[in-house]
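Structural overview
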Number of protein chains: 6
Amino acid sequence: MAAPVNRLREIWAAGRPAANAWLSLPGLLNAEVVVKGGWDSVTVDLQHGMAEPVEMLRMLAPIHAAGAVPMVRVPWNDPAAVMRALDAGALGVICPMIETGEEAAAFVANCLYPPKGKRSWGPLRANLMWGPGYSDAANDIVVPWAMVETSKAMANLDAILATPGLGGIYIGPSDLSISHGFKPGLDRQEPEMLERIETILATATAKGLPVGIQCATPDYARGMAERGMRLLTIGNDAGFLQAGATAAVQAFRT
Amino acid sequence: MAAPVNRLREIWAAGRPAANAWLSLPGLLNAEVVVKGGWDSVTVDLQHGMAEPVEMLRMLAPIHAAGAVPMVRVPWNDPAAVMRALDAGALGVICPMIETGEEAAAFVANCLYPPKGKRSWGPLRANLMWGPGYSDAANDIVVPWAMVETSKAMANLDAILATPGLGGIYIGPSDLSISHGFKPGLDRQEPEMLERIETILATATAKGLPVGIQCATPDYARGMAERGMRLLTIGNDAGFLQAGATAAVQAFRT
Amino acid sequence: MAAPVNRLREIWAAGRPAANAWLSLPGLLNAEVVVKGGWDSVTVDLQHGMAEPVEMLRMLAPIHAAGAVPMVRVPWNDPAAVMRALDAGALGVICPMIETGEEAAAFVANCLYPPKGKRSWGPLRANLMWGPGYSDAANDIVVPWAMVETSKAMANLDAILATPGLGGIYIGPSDLSISHGFKPGLDRQEPEMLERIETILATATAKGLPVGIQCATPDYARGMAERGMRLLTIGNDAGFLQAGATAAVQAFRT
Amino acid sequence: MAAPVNRLREIWAAGRPAANAWLSLPGLLNAEVVVKGGWDSVTVDLQHGMAEPVEMLRMLAPIHAAGAVPMVRVPWNDPAAVMRALDAGALGVICPMIETGEEAAAFVANCLYPPKGKRSWGPLRANLMWGPGYSDAANDIVVPWAMVETSKAMANLDAILATPGLGGIYIGPSDLSISHGFKPGLDRQEPEMLERIETILATATAKGLPVGIQCATPDYARGMAERGMRLLTIGNDAGFLQAGATAAVQAFRT
Amino acid sequence: MAAPVNRLREIWAAGRPAANAWLSLPGLLNAEVVVKGGWDSVTVDLQHGMAEPVEMLRMLAPIHAAGAVPMVRVPWNDPAAVMRALDAGALGVICPMIETGEEAAAFVANCLYPPKGKRSWGPLRANLMWGPGYSDAANDIVVPWAMVETSKAMANLDAILATPGLGGIYIGPSDLSISHGFKPGLDRQEPEMLERIETILATATAKGLPVGIQCATPDYARGMAERGMRLLTIGNDAGFLQAGATAAVQAFRT
Amino acid sequence: MAAPVNRLREIWAAGRPAANAWLSLPGLLNAEVVVKGGWDSVTVDLQHGMAEPVEMLRMLAPIHAAGAVPMVRVPWNDPAAVMRALDAGALGVICPMIETGEEAAAFVANCLYPPKGKRSWGPLRANLMWGPGYSDAANDIVVPWAMVETSKAMANLDAILATPGLGGIYIGPSDLSISHGFKPGLDRQEPEMLERIETILATATAKGLPVGIQCATPDYARGMAERGMRLLTIGNDAGFLQAGATAAVQAFRT
Ligand SMILES: [Mg+2]
Ligand SMILES: [Mg+2]
Ligand SMILES: [Mg+2]
Ligand SMILES: [Mg+2]
Ligand SMILES: [Mg+2]
Ligand SMILES: [Mg+2]
């Protein structure tokens, strides 16, 4: 049996950006429906999404079965949360609100086994999902994503990016905006915000790290991919559901 | 406190057709998102939908809280399933595969308290939801919908429609189609199928019963409303989610 | 290891009536709290109570652990529901709406293993709960309770009582009342209703069958015990909770 | 995309018997662990097993993902239960306690779409699992297994086997034994029981129907496979767990 | 649509104390029953109560639907727990064991969006519950309650009270008692304990902050309200249930 | 009613080692099955096991009911997690990755009520499980186990062992191995690893603290017991299940 790989890395090696689905609602069936869209990866959001770990476990299985890379955004930079997502089989962990090099280092250490990090041993479910080769491959296929989404993080960007083992940078436009005095929201068009996004992208790319960003629309995501972003989250399940449900009843009543 | 009413009856009295949302996926949050679209009623589908009764209980509450009429499609013409949906607070029960007058009578009896029917007493949750007036009002506000969706049912249409206490007829186009040798699917355009739909609509309307139908698109639903249908189901949560998720990733990749 | 017994039968043999708690709300913790009151048996109500079988399984364990006899009211006279409650470890099954001798016979057959009945073999959880002696003892310790709660049932009372293997009769005063043109409710005082209750009690007792009844208050239950009732349900968890919560806030505001 | 197939039929066409795992305990993880053993099919038992439909839905996914054929034993010969298992993606349904040709016919009708049967349309989850080809293939890949496990069933064996569309016969040795006055248990060695098993096997095989049987040990299962049985259930999850846990502590204490 | 408000602030503005219900047991239905008592607010206790976040989500909906202010006691002063309660729709968060000004500041920062705090953006469920006006109003309607319940906290009372954005002080009499060498328990009568409670009340009130306290009985709560307490928790669901269940069986047996 | 005791302490007082079962899979039924093996204690693993706290609550009850000591391994050295396990009724808490005396002190403080520690008051479920005597006995019957499983922990072993109130040391061989440059795995045979294990055992035993260790096989566990280990974990549920399921199908196919 071949060693497991993280298909996102293969996609990037082929020069393509990855399309990432975002799950904000709990539900095995929701995950099964969304993943059929043909995404490269699917992220279960345990921070602002309403699924709890008990549901994450169920949702990661169909993501994996459909051939997408299962990822998790953890609620916070917390060893238990990070290791739990990994033990459950996630190959990517997105950690919100990383603001310093120290925080980035602590996060990455929780993602990697010694001697690279401090992840504790016990990948029962990851072994079931990825096979017995998981143990040896884990440090190579797990991608720790640090979210850069505050002014403090931007001030510490170099320190964050210098963290050995860091797998990528993920931009949260809403938090980044309110941290700089703007209203929350995605798909920012303000020159100041675009400049900040560009700064993160350019700096991380220069270090060889892929950059991802949360987008509301395919157009904005495509634009960001053209600029060099490698992980493009486009919309989310709650948005798809609400838009479809609202459009249907409105079209009927018109 | 005013006696509870079934708002669908008020809508029909005002000469308007009702827009009914259809929930095929389990999940409290899914229900909370969909109901925000502005539907007149929302139906939790326990037959082909993947929610179980334990989840139905959770899903009916936000439907009610948002001001839509909570309804349930039961898995079968079974007293336990029908009474459970009603005890949980549903004001409408849609029963699949009613094929004879006897089956219709058994279904209606399970929806209504004596002396009109044989519903067993114990509306703990319905009382919590609708208030102490529920007990006296129940027989007036509960609407039993018999699905007519087979050739046998069409042959027995008069007997089904003659059932005292029946609240409405709900048409299942997929089952009606395969029962007549067509492929399954909604929004039928075949003259033979349209004629059957028209027959059910005309016959039931003549008896003073509202008729509903499962539709895939707002256009078809509007056409059916113009013909006189009073309950128009338009799409469903799984469809909205799948369409949105697929469109997003495809638009990104184009 | 001694063979398992149904402690209710020991209580009755000692000439005492049994106090039965009634669980209408789902929740392992609710069961753990209520059973501490010191009940002889506790019944999980799957008919009008809001627990589903998946929760029944959890609730029976603490009832048993606390030394009370675990019982279940099934939603309907259905083989799957009856056998499931027994497989899960219930020693008593209360079946609603038994109206004929045939229905009673079908119910009892589902409670007992051949040659006495038609219960299908597979008591995995009952074995865990009651030990390896369960298999041989099951037919002796399982008590099938037929509810007599309609005018039709009263007309067929003799046939119901003649059912071999029947374990007891349980009276549902609300359904019995609305079946006879009265308002629903427990603790009936109308002479006509008391006479019907007395008829059931006397007839069943003459056959050697214990009789139980759903009561709202301890006083009424004691009165019924003095008349000869052997299983007295007194209030339920939802009532205790609602009464306590309402009294507390009202006393504070006074 | 190729049309979905039922891999059991391919195994039988290759002249091999199929090894079927049996899940008696609820739990997505249990299913994920057991299926790794390399089974041809895995059956979630909703009759005597302690999983409920809400858990069946979760358990079928990893069975399918691991390449085993997902099957369900329904609690009873009930249209809602049978159709629910199929809608959830099961390719085999084992129905307990089939005793007559009429019961067999009703069961099979609930498994097959018109014109062959009366299955109602709506395979949302089966479509997600098996792809869009499921709709056309369903009647060919779904295998309805009638359990023959009582003396009455044996008396009606010819009528049961004459049911058009029936997919196989599954023998329940415990119920078959108690129905004939023996103690319950698997791996029967009594000549009378072996003769009955042989009768079922020979008669069904002569009709071209595969026969399966519940076994406790690999040895007995292999013997039955050599006699011609095509579906061999060997042990179950609860047994593996209990045996392992007991052996470990006993070996430690010795 | 009007901007959402925190009704507790309206009650206080009207000079009235608020009655707060306390939910220690998991269960949507428990919440639905208790809230009917007429409470001003209802708190789901995730610290010593047995509900987990997955159940909190379900329980907040009926509290809100019934018109009471939904609140949560988080298990600890942890950003993930605090933000999760708020994202789920709670308008009040009670944080246990605040002992220093730094801890209070960290807690409050997690409750408020920038520039006042560091709450991360993503109120999907709060938006569903409170409407689109939630985003602008959040910092005004969310009330962070710091629990003062140790001797260390009392020593740092001024620093805690000086925290900008703090919404109120909540007293935990049991922890406060054991921290000072007394037995645990509510409704303290010891002069030393009453003096401590009075100190907290007076100091916080002087700063314009409402004070709340956990009480066992309506009488004690009323007395505390008369002293100036603004949030009075009276009993809890487990207590109501246990008291009612115990009283019923005892009254029957007397 | 007698004060509750921790039976592990009685076993040790009798000079016997304790056999501890390990639950890595969620499931009430799994716990019920495993505990029947006759273990002295059963540990629900919330770190690398796949159960979440919502399931831990259910699993502790049958462990206690069967007479084994219920224990929990928490996911991390976190006050909320530690106190939650104790409130739910665990008498032992195993904390992973304790590396310093400060960490040990923080952990122990979270396990013990003042004045010995800082555990917050509110043992609702522990009271239900252990009776009203729990409150007074808690500090005596709760055993806090610090895991020593890294090179840093070994360097700080004396400081860890000096922690007042510490109840025992639990060795995690896999983490201890990878921390020292070995492959992960249990039942270590390398002289360097055996020496480290011996060092921990001897040092802790000299302080009067019982030592436990995670083992894969009964043989290794017996050897460790003979060296003086007092808590021997032998295998786990996932391993028993996987071994049994794999052996069965392989034996059949051979
Ligand atoms: Mg963010
Ligand atoms: Mg249909
Ligand atoms: Mg009744
Ligand atoms: Mg059988
Ligand atoms: Mg406290
Ligand atoms: Mg470890």
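Residues numbered from 1 in each chain as written. Chains lettered and ligands numbered in written order. Predicted model: local features only at pLDDT ≥ 70, side-chain atom pairs only at ≥ 80, totals over all residues. Heavy atoms only, no water.

Chain A goes by HpcH/HpaI aldolase/citrate lyase family protein in an unreviewed UniProt entry, where it is assigned to Marinibaculum pumilum.

**Some remarks on the pattern of salt bridges**
Within the structure shown, the criterion is met by 66 salt bridges over all chains. Between R84 of chain F and E52 of chain E there is a salt bridge, and its shortest N-O distance comes to 2.5 Å. Here R84 of chain F, found in helix α4 (residues 79–87), pairs with E52 of chain E, found in the loop between β2 (41–45) and α3 (53–65), and the two come from separate chains. Look at E52 of chain E and you get buried, because its relative accessible area is 12%. Each member of the salt-bridge network shares a partner with another, and the members are R7 and D40 of chain A together with R253 of chain B. (Salt bridge = Lys/Arg side-chain N within 4 Å of Asp/Glu carboxyl O. Helix = DSSP H or I, 4+ residues; strand = E, 2+ residues; numbered from the N terminus. Buried < 20%, exposed > 50% of the residue type's maximum accessible area, 1.4 Å probe, protein only.)

**Observations concerning the coordination of the magnesium ion (ligand 3)**
Residue and element names in this part refer to chain C. Protein coordination at the magnesium ion (ligand 3): the donors are E149 (OE) and D175 (OD), at 2.1 to 2.2 Å from the metal. Here the residue E149 occupies a position in the loop between β5 (143–148) and α8 (151–155), and D175 occupies one in helix α10 (residues 173–179), the gap between them amounting to 26 residues. D175 carries the same exposure label as E149, and that label is buried. (Donors = N, O, S within 2.8 Å, 3.2 Å for Na, K, Ca; no water.)

**Remarks on helix α5 (residues 101–111) of chain F**
Along α5 of chain F, the residues that are buried comprise G101, A104, F107, V108, A109, N110 and C111 of chain F. The elements touched by buried residues of α5 of chain F are α4, β4 (92–95), β5 (143–148) and α9 (157–161) of chain F. (Contact = heavy atoms within 4.5 Å.)

**Examining the sheet that holds strand β4 (residues 92–95) of chain B**
Residue and element names in this part refer to chain B. Taken in spatial order, the eight strands of this closed barrel run β1-β2-β3-β4-β5-β6-β7-β8, and their pairing is parallel. For this sheet, the mean angle separating the axes of adjacent strands, direction not counted, is 25°. One ladder, built from three bridges, connects strand β1 (residues 18–23) with strand β8 (residues 231–234); its direction is parallel. Residue pairing for β8: N20 is matched across the bridge by T233. (Pairing = 2+ DSSP bridges. Axes fitted to C-alpha atoms, helices over the stretch in contact; angles between N-to-C directions.)

**Looking at the relation of the copies chain B and chain A**
Superposition record for chain B on chain A: RMSD 0.0 Å, screw rotation 180°, translation along axis 0.0 Å. On this basis, the relationship between the two copies can be described by a two-fold rotation axis. Judged by C-alpha distance, L241 of chain B is the residue of chain B that lies nearest the rotation axis, at 2.5 Å. In this assembly the copies share their binding face: 100% of the residues contributing to the interface of chain B also contribute to that of chain A. (Least-squares fit on C-alpha atoms with pLDDT ≥ 70 in both.)

**Considerations on the interface of chain D and chain B**
Every contact between the two is made by 20 residues of chain D and, on the other side, 22 residues of chain B. Taking both partners together, chain D and chain B bury about 1700 Å²; carbon and sulfur atoms supply 62% of that area. Contact with chain B buries area across many residues of chain D, yet R84, W121 and L124 of chain D alone supply 37% of it, more than any other trio. Seen at the junction of chain D and chain B, the total is three salt bridges. Counting the contacts that link chain D with chain B gives 13 residue pairs in polar contact (both at pLDDT 80 or more). Among the secondary structure elements, those contributing two or more residues to the side of chain D that touches chain B are α3 (53–65), α4 (79–87) and α6 (124–130) of chain D. Per-element accounting of the side of chain D that touches chain B gives the leading share, five residues, to α4 of chain D. Of the residues assigned to the side of chain D that touches chain B, the class counts are 12 nonpolar, two polar and six charged. (Buried area = accessible area lost by both parts, 1.4 Å probe. Polar contact = N/O pair within 3.5 Å; in protein donor to acceptor, adjacent residues only side chain to side chain. Nonpolar A, V, L, I, M, F, W, Y, C, P; charged D, E, K, R; others polar.)

**Side note on unusual backbone geometry**
The linkage connecting P114 of chain C with the following residue, P115 of chain C, adopts the cis geometry, with an omega of 5°. Mapped onto the elements of the fold, P115 of chain C is located in the loop between α5 (101–111) and α6 (124–130). A positive phi angle, close to 60°, is found at M97 of chain B, a residue other than glycine. Taking the relative accessible area as the measure of exposure, M97 of chain B reaches 9% and is therefore buried.

**Thoughts on the relation of the copies chain D and chain B**
In the superposition of chain D on chain B (RMSD 0.0 Å, axial shift 0.0 Å), the rotation amounts to 120°. What we have between these two chains is a three-fold relation. In terms of proximity to the rotation axis, the leading residue of chain D is V54 of chain D, whose C-alpha is 4.8 Å off the axis. Comparing contact sets, just 5% of the residues at the interface of chain D also lie at the interface in chain B, consistent with a heterologous contact between different surfaces.

**Comments concerning the packing of helix α11 (residues 191–206) of chain D against helix α12 (residues 218–227) of chain D**
All names here are of chain D. Relative to each other, α11 and α12 sit at 45°, their axes nearing to 11 Å. The angle between the axes of α11 and α12 places the two elements in the oblique class. The two elements α11 and α12 meet at a crossing, and its hand is right-handed. On α12, the residues that touch L194, I197, E198 and L201 of α11 are Y220, M224 and R227. Residue composition of the contact of α11 with α12, by class: five nonpolar, no polar and two charged. (Parallel < 35°, antiparallel > 145°, perpendicular 65-115°, else oblique. Left-handed = near helix turned anticlockwise from the far one by under 90°.)

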